[in-house]
Amino acid sequence: MKYVTFGTQSSETSGTTPSTPGQRVFAEALVKELNELGLEEISIDEHSYVMASLPANTDDASIPTIGFISHLDTSPDMAGENVKPRIVTYEGGDICLNADRNIVLSPAMFPEMLEYAGQDIIVTDGTTLLGADDKAGIAAIISAMAYLKEHPEIKHGKVRIGFTPDEEIGQGADHFDVQRFGCDWAYTVDGGQMGELEYENFNAASAKISFKGLNVHPGTAKDKMINAALLATQFASWLPAEQRPEHTEGYEGFFHLIGMEGSVEEASLSYIIRDHSRELFEQKKDLLKQLVTRMNEAYAGSTTLVLKDQYYNMREIVEPKKHIVDLAFQAMEAIGVTPKVQPIRGGTDGARLSFMGLPCPNLFTGGHNFHGRYEYLPVPSLQKSMETVIKIVELAAK
C-alpha cells in the first residue's frame, strides 16, 4: 500500500536512466528500508539499480547463491501518479471504484474475480493503475527477506535481491551488472495470477516503416500524386489479419500496430513483432522486408524499414538448467499453490538477463489486469508470492 503511492511511471521519451525522477525517489526509499531491515551489501548506482544481500546462516559452501528481482517502474500506458489504493473485502458482484465517474470493476468483464469471493483485495479508485506490476513483487521479496531474518531456524545460503528501473519500456536490464549481482541463477517476481511460473517468453522486435509521397494539387494530381498516407494503409492491409493480437493466444505470435502518422508527403507505421518460435519470429521479420520490397517495386524509393530486435525467448537458456524451474514448482506445491507453467505473452527483465548469463524464470505476484484502471491484487495471493520466495530459499539449501 505504501509502495504504490510512489509515482514511478516510466517514459519512453526522456532518454535517461531512470527515465523518470520518481523511480530514483522510490529506489532511495527502498535503500533506507533495506538498511533498517539489516540486510548487507546494499547498493544503489547512478542509474538507480538497487541490490542487497541476505547473508547465509549456514557454513555449507555448496548452497547456491540465488537472487530475486523486481522492477521499480509502472507502465506508461496508464496514469501512475497519486494512486489511491484501498482494501475491499470482496463478497462477489461488482466493486464500485469511482462513483463520481461511474467506474465499476465487474465480473461481467473480469469473471476470474469470482475466484476471490471472501478475500481481501486491493483496488484502485479507477483513475490510475494500481502498480502491483511490479510493486507487489518488491513487497513479496522484501517481506520474504524480513521473514527469513526473523526465522533463523530456516537455514539458507546467501540470497541477493535486485530492483531495476524502466522494465516497462524494455530497458530494465540495460545497466544491470550481472557479475556484481553474483548469483548462480535468479527469479523475477513479476508475474500475474497466483501460481504462474514462466520460463518462456516472446522473441521481440520493433519495426518502423516510413513512406514518402509526392504532393500535387488535387486538381491536377492525375497520374502524378503519390499519397504516403494511403501507401501506409495499403501496407497495413497486406499483413495477415489473423496475426493481430486480438486474434491470437497461447504460443501464437502477432504483428501489433502501435502507432501511425500520415500526410500526403510522409507517413509511418510503428509495429511490435512477437513470436515464441524463433523460426516464426524470423519469418515475420522477413515478411516485412518482402512487403517493403513489393511497395518499392510499385513506387520506387517510397518505403524504408527500420527493424530492431528487442529480446529473445529465455527458454533456450533456462531449459538446459530446468532444475531451477523445478525448484520453484516444488516450492509452490509445498505451500499449497498449484503451479501454472505457461508462456509469457510478453517480455520481462528475466528474458534479457538470461541471455546476459543469469538464468531467470518468472514467478507470480498475484495481480490481475495490469497496466489499467481495473488492476487489482488479492491479498492472499500476494502472501503466497512471499511464501514462494521463502520456500525456494529454504529448498535451495537442501
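Here, every reference points to the structure presented above.
Calculation notes
- Residues numbered from 1 in each chain as written.
- Predicted model: local features only at pLDDT ≥ 70, side-chain atom pairs only at ≥ 80, totals over all residues.
- Heavy atoms only, no water.
- Helix = DSSP H or I, 4+ residues; strand = E, 2+ residues; numbered from the N terminus.
- Buried < 20%, exposed > 50% of the residue type's maximum accessible area, 1.4 Å probe, protein only.
- Contact = heavy atoms within 4.5 Å.
- Expected span 1.5 Å × (residues − 1).
- Pairing = 2+ DSSP bridges.
- Axes fitted to C-alpha atoms, helices over the stretch in contact; angles between N-to-C directions.
- Patch = residues over 30% accessible without salt bridge, like charges linked within 9 Å, V, L, I, M, F, W, Y side chains within 5 Å.
- Areas by Shrake-Rupley, 256 points an atom, 1.4 Å probe, with all protein chains shown as cover.
- Salt bridge = Lys/Arg side-chain N within 4 Å of Asp/Glu carboxyl O.
- Disulfide = S-S within 2.5 Å.
- Parallel < 35°, antiparallel > 145°, perpendicular 65-115°, else oblique.
- Left-handed = near helix turned anticlockwise from the far one by under 90°.

Relative to the helices and strands, Leu54 resides in strand β2 (residues 50-54). Take Leu54: its relative accessible area is 3%, and that puts it in the buried class. Taking the C-alpha atoms as reference points, Leu54 and Gly38, 16 residues apart in sequence, are found 8.5 Å from one another. Apart from the residues lying within four places of it in its own chain, the contact partners of Leu54 are Leu39, Met145, Leu148, Lys149, His156, Gly157, Lys158 and Val159.

Mapped onto the secondary structure, Thr388 falls in helix α9 (residues 379-396). Here Thr388 falls in the buried class, since its relative accessible area comes to 2%. The residues touching Thr388, leaving out its near neighbours within four places in the chain, are Ala331, Met332, Ile335, Leu363 and Phe364.

With that settled, consider helix α1 (residues 21-37). Taking 1.5 Å of rise per residue, 17 residues should cover 24 Å, and α1 covers 25 Å from first to last C-alpha, within 8% of that figure. Restricting attention to buried positions, one finds in α1 the residues Gly22, Gln23, Phe26, Ala27, Leu30, Val31, Glu33 and Leu34. Residues of α1 that are buried in the fold lie against β1 (40-44), β2, α2 (132-150) and β8 (159-164).

What follows is about unusual backbone geometry. Omega for the bond connecting Thr17 with Pro18 falls within 30 degrees of zero, at 0 degrees, which places this linkage in the cis form. Relative to the helices and strands, Pro18 is located in the segment before α1. Here the residue pair Asp133 and Asp134 is connected by a cis peptide bond, since its omega of 15 degrees sits within 30 degrees of zero. Along the polypeptide, Asp134 turns up in helix α2.

Let us now look at the sheet that holds strand β4 (residues 86-89). Pairing between the strands of a sheet comes from backbone hydrogen bonds, and it takes one of two forms, parallel or antiparallel. Read across the open sheet, the three strands follow the order β4-β7-β17; overall the sheet is antiparallel. One side of each edge strand has no neighbouring strand; the edge strands of this open sheet are β4 and β17 (376-378). Geometrically, the sheet is characterised by an average inter-axis angle of 30 degrees between neighbouring strands, direction not taken into account. Two strands pair when backbone bridges link them, and strand β7 (residues 120-123) and β17 are joined in this way by three bridges, in the antiparallel orientation. Residue pairing for β17: Val123 is matched across the bridge by Tyr376. The strands touched by α9 within the sheet are β7 and β17, with β17 carrying the most contacts at an inclination of about 70 degrees.

Turning our attention to the sheet that holds β1. Read from one edge of the open sheet, eight strands run β1-β2-β8-β3-β9-β16-β10-β15, paired in mixed fashion. The sheet is open, and its two borders are formed by β1 and β15 (340-341), each paired with just one other strand. Both strand β3 (residues 66-71) and β8 contribute to a ladder of six bridges, which runs parallel. Residue pairing in the sheet places Ser70 in a bridge with Phe163 of β8. Helix-sheet contacts for α2 involve β2, β3, β8 and β9 (185-191), and the interaxial angle to β3 is about 145 degrees. Its contacts with the sheet put helix α7 (residues 323-334) on β9, β10 (196-198), β15 and β16 (362-364), and the angle it makes with β9 is roughly 55 degrees.

Before going further, it helps to spend a moment on α9. Between its terminal C-alpha atoms α9 stretches 26 Å, which fits the 26 Å expected from 18 residues at 1.5 Å a residue. Among all positions in α9, only Ser381, Leu382, Ser385, Met386, Thr388, Val389, Ile390, Ile392, Val393, Glu394 and Ala396 are buried.

Residues Met1, Ile87 and Val379 make up a contiguous nonpolar surface patch of roughly 250 Å² in combined accessible area. You can see Val379 is positioned in helix α9. Of the residues examined, Val379 reaches a relative accessible area of 31% and is grouped as partly exposed.

Linking two cysteines covalently via their sulfur atoms produces the bond known as a disulfide. This model, assessed by the stated rule, comprises zero disulfides. This cysteine, Cys183, is not joined by any disulfide, and Cys360 carries the nearest cysteine sulfur, 9.0 Å off.

Where helix α4 (residues 228-238) contacts helix α5 (residues 278-298), the two axes come as close as 11 Å, and the packing angle between them is 140 degrees. Judged on the interaxial angle alone, α5 and α4 are oblique. Considering how the two elements wind past one another, α4 and α5 form a crossing that is right-handed. Seen from α4, the contacting residues are Leu231, Gln234, Phe235 and Trp238; seen from α5, they are Leu288, Leu291, Val292, Arg294 and Met295.

This part takes up the pattern of salt bridges. Tallied over the full model, the rule gives 16 salt bridges. Here Glu28 and Arg24 are joined by a salt bridge, their closest N and O atoms 3.1 Å apart. You can see Glu28 and its partner Arg24 sitting in helix α1, four residues apart, about one turn around the helix. For Glu28, a relative accessible area of 44% translates into the label partly exposed. The exposure class of Arg24 is partly exposed, given its relative accessible area of 26%. With its nearest N and O atoms 3.1 Å apart, the salt bridge here joins Glu394 to Lys391. Of this pair, Glu394 and Lys391 both sit in helix α9, three residues apart, which is roughly one turn of that helix. A residue is classified by how much of its surface remains accessible, and Glu394, at 17% relative accessible area, is buried. The network of salt bridges with shared partners includes Arg278, Glu282, Lys285, Asp309 and Glu316.

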